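Observations on chain architecture
Here is what each chain is made of, one letter per residue.
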Amino acid sequence: MELSRRTVLAGAAAAGVTAATAGGTAHATGDGKPVKSLFGKLADGTKVYSWALENGGTRLKVLSYGGIVQSLGIPDRRGRYANVSLGFDTVEDYVAKSPYFGALIGRYGNRIGKGRFTLDGTTYQLSVNDGENSLHGGAQGFDKRVWDVEPFTRGSDVGLHLYRTAVDGEMGYPGTLRTKVTYTLTRHGDWRLDYEATTSRPTVVNLTSHVYWNLAGESSGSIHDHELTLAASRYTPVDSGLIPTGEQARVSGTPFDFRRTKTVGEDIRVAHGQLLYGQGFDHNWVLDKGGTARPEHVATLRDPSSGRTLRIATTEPGLQFYSGNFLDGTLVGSGGTVYRQGDGLCLETQHFPDSPNKPSFPSTVLRPGQTYRTTTVHSFSA
């Protein structure tokens, strides 16, 4: 699926500039082929590579470690590029400090209450890394693993296939899970993610991407003035541990109503119990469309100052909107500035948190012989 894009290339593309984006991030050469380079090494000597891609005016840099989007450059209304994804400059920072900046999340995105679930009469205890809960696959989730990466060109599209096999019992999950995630940059500059997985035993799966967006540029400060629209009439309230209660509550009359466009900061300081639990927004929205066979538009994010606009389409039934509440001024990003609360936000397309323990939620169970497939498309304009 390719969504329409008004590409703004201005003089930079006309001049054939290929050396760097704003902030000094290298990107692909003009022949359309992804460019591989050494990014760093892990403590055990494992090499981490970066892959730079460019197509349709979008510039993407991906790491083999965690499938991380290290930078994503798009132009503003005047054709000026900025990296709109929060991140770091070194492997060491990603390993030691990262709050999932730009990462592929698995085997289960979001939280599972008390780090356990029961499937077919067997209870599984998972890695616990968020109080008493399991978050984003546990202490050594997919975001902390090195992926096999295979570049491709297909017609006018360029991209990367990322592969990883999680063995039976890894982080407590049953089944050997073979995962393939495809990052595609289309000729329109859309960034498309296609997720696939198969399992040797019944298991649960919920894969997503954890990019922190700031459409004004990753070092520009707060996203509270960004305008957001979500096609969701309900959300899933949480308890004090940010585990869904099982309710699918109406957003009408609450700060969680983004059905009409409003700024992220408009209601973020309203005295609402759910905002106190999350110190802002950190909740799953129940998308009106439900799960679908093809990606459908569910969210629009716009930065008024630059004009940069992100539109998200997905097959998934849910979307986790996280307003960067736990960025605490201790991390220095790739632009050389300190990240503070609200300097980026996440829009994670997904199934619902704690679904294995909530029978009323859409199922995340995958069985042998089945193939897990989801797709999310990010389209940019200015």
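For the structure itself, consult the block above.
Treat the numbers as computed from the prediction; the structure is a model and nothing was measured. (Residues numbered from 1 in each chain as written. Predicted model: local features only at pLDDT ≥ 70, side-chain atom pairs only at ≥ 80, totals over all residues. Heavy atoms only, no water.)

What about the overall build of the chain?
Convention followed: Labels follow the DSSP assignment, with helices taken as runs of H or I lasting at least four residues and strands as runs of E lasting at least two, numbered in each case from the N terminus. All radius of gyration figures rest on C-alpha atoms, and the globule criterion is 2.2 Å times the number of residues raised to 0.38. Only protein chains enter the accessibility calculation, which uses a 1.4 Å probe. A residue is then buried if its area is under 20% of the maximum for its type, exposed if over 50%, and partly exposed in between. Contact criterion: two residues are considered in contact whenever any of their non-hydrogen atoms come within 4.5 Å of each other. Surface exposure here means Shrake-Rupley accessible area, sampled with a 1.4 Å probe, where a residue is shielded only by the protein chains that are shown. His is not counted, nor are the chain ends; Lys and Arg add positive charge and Asp and Glu add negative charge. Every charge is mapped to an atom, namely NZ of Lys, CZ of Arg, CG of Asp or CD of Glu.
If you tally the helices and strands in the chain, you get three helices and 29 strands. A globule of 382 residues ought to have a C-alpha radius of gyration of about 21 Å, and the chain, at 20 Å, matches this closely. Once the C-alpha set of the chain is aligned to its principal axes, its extents read approximately 60 × 45 × 40 Å. Evaluated residue by residue, the chain yields a buried proportion of 59% over its 382 residues. For the chain, long-range pairs separated by at least 24 residues make up 66% of all intrachain contacts whose partners lie at least 6 apart in sequence. Accessible surface, the chain as shown: approximately 14300 Å² in total, 47% of it carbon and sulfur. Taken as two groups, the 40 positive and 37 negative side-chain charges of the chain have centres that lie 3 Å from each other.

Notes on the sheet that holds strand S22 (residues 296-302)
Which entries qualify depends on this criterion: What makes two strands pair is DSSP finding at least two bridges between them.
The strand order S11-S12-S13-S14-S29-S23-S22-S17-S20 describes an open sheet built from nine strands, whose pairing is antiparallel. Only two strands of the sheet have a single neighbouring strand rather than two, namely strand S11 (148-154) and strand S20 (262-263). Pairing analysis gives four bridges linking strand S17 (residues 227-230) to S22, with the strands arranged antiparallel. Across the sheet, Leu230 pairs through a bridge with Ala299, a residue of S22.

Digging into the pairing of S17
With two bridges joining them, S17 and S20 adopt antiparallel strand pairing. Each residue of the ladder has a partner; that of Leu228, found in S20, is Lys262.

Some points on the side chain of Thr199
Heads up, the condition is: N or O atoms within 3.5 Å of each other form a polar contact, as long as, within protein, one can give a hydrogen and the other can take it, and as long as residues adjacent in sequence are counted only when both atoms are side-chain atoms.
Topologically, Thr199 is positioned in strand S14 (residues 191-199). On the accessibility criterion, Thr199 (9% relative accessible area) is buried. At 2.6 Å, the side chain of Thr199 and the backbone oxygen of Arg201 are in polar contact. For Thr199, the contacting residues outside a window of four places in its chain are Pro174, Gly175, Thr176, Leu177, Leu366, Arg367 and Pro368.

Focus: the layout of surface pockets
As a reminder of what qualifies: For each structure, a 1 Å grid was placed over the protein atoms alone; sets of points admitting a 1.4 Å probe that cannot get out are labelled cavities, open sets with protein on both sides within 12 Å along at least five of seven lines are labelled pockets, and lining residues have an atom within 4 Å of a point. Grid points are joined across faces, edges and corners, and a volume is the space filled by probe spheres set on the points. For this classification, Asp, Glu, Lys and Arg are treated as charged, while Ala, Val, Leu, Ile, Met, Phe, Trp, Tyr, Cys and Pro are nonpolar and the rest, including Gly, are polar.
Considered as a void within the structure, the largest pocket measures approximately 370 Å³ in volume. Grouping the constituent residues of the lining of the largest pocket by class yields eight nonpolar, six polar and six charged.

Some details on the sheet that holds strand S24 (residues 318-322)
If you trace the five strands from one edge of the open sheet to the other, you get S19-S18-S21-S24-S27, paired in antiparallel fashion. Each edge of the sheet is formed by a strand with only one pairing partner; in this case those strands are strand S19 (249-250) and strand S27 (346-350). Pairing geometry for strand S21 (residues 282-286) and S24, over five bridges, is antiparallel. When the bridges of S24 are listed, Asn284 appears paired with Gln320.

Some words on the environment of Pro244
Structurally, Pro244 is set in the loop between strand S18 (234-236) and S19. Overall, the relative accessible area of 3% leaves Pro244 in the buried class. Linking Pro244 and Leu86, residues 158 residues apart in sequence, is a C-alpha distance of 27 Å. Setting aside chain neighbours within four positions, we find Pro244 in contact with Thr236, Pro237, Val238, Pro353, Asp354, Lys358 and Phe361.

Considerations on empty space enclosed by the protein
Picture a little ball the size of a water molecule; that probe, rolled over the atoms, points out where space is still empty. Applying the stated criterion across every chain, the model contains five cavities of 30 Å³ or more. Empty space within the largest cavity amounts to approximately 80 Å³. Among the secondary structure elements, those contributing two or more residues to the lining of the largest cavity are S14, strand S16 (208-210), S27 and strand S29 (372-381). Of the residues that constitute the lining of the largest cavity, the class distribution is five nonpolar, six polar and one charged. In this structure, the second largest cavity spans a volume of roughly 50 Å³. For the lining of the second largest cavity, the residue count by class is five nonpolar, one polar and two charged.

Observations regarding the packing of aromatic side chains
Convention followed: Two aromatic rings from Phe, Tyr or Trp, using only the six-membered ring of Trp, form a pair when their centres are within 6.5 Å; if the ring planes differ by under 30 degrees the pair is stacked, by over 60 it is edge-to-face, and anything between is tilted.
Within this structure, the stated rule accounts for 23 aromatic pairs. Between Phe101 and Tyr339 the ring centres are 5.5 Å apart and the planes differ by 80 degrees, which places this aromatic pair in the edge-to-face class. In this pair, Phe101 is assigned in the loop between helix H2 (91-97) and strand S6 (103-105) and Tyr339 in strand S26 (residues 338-339), connecting sequence segments 238 residues apart. Assigned by exposure class, Phe101 and Tyr339 land together as buried.

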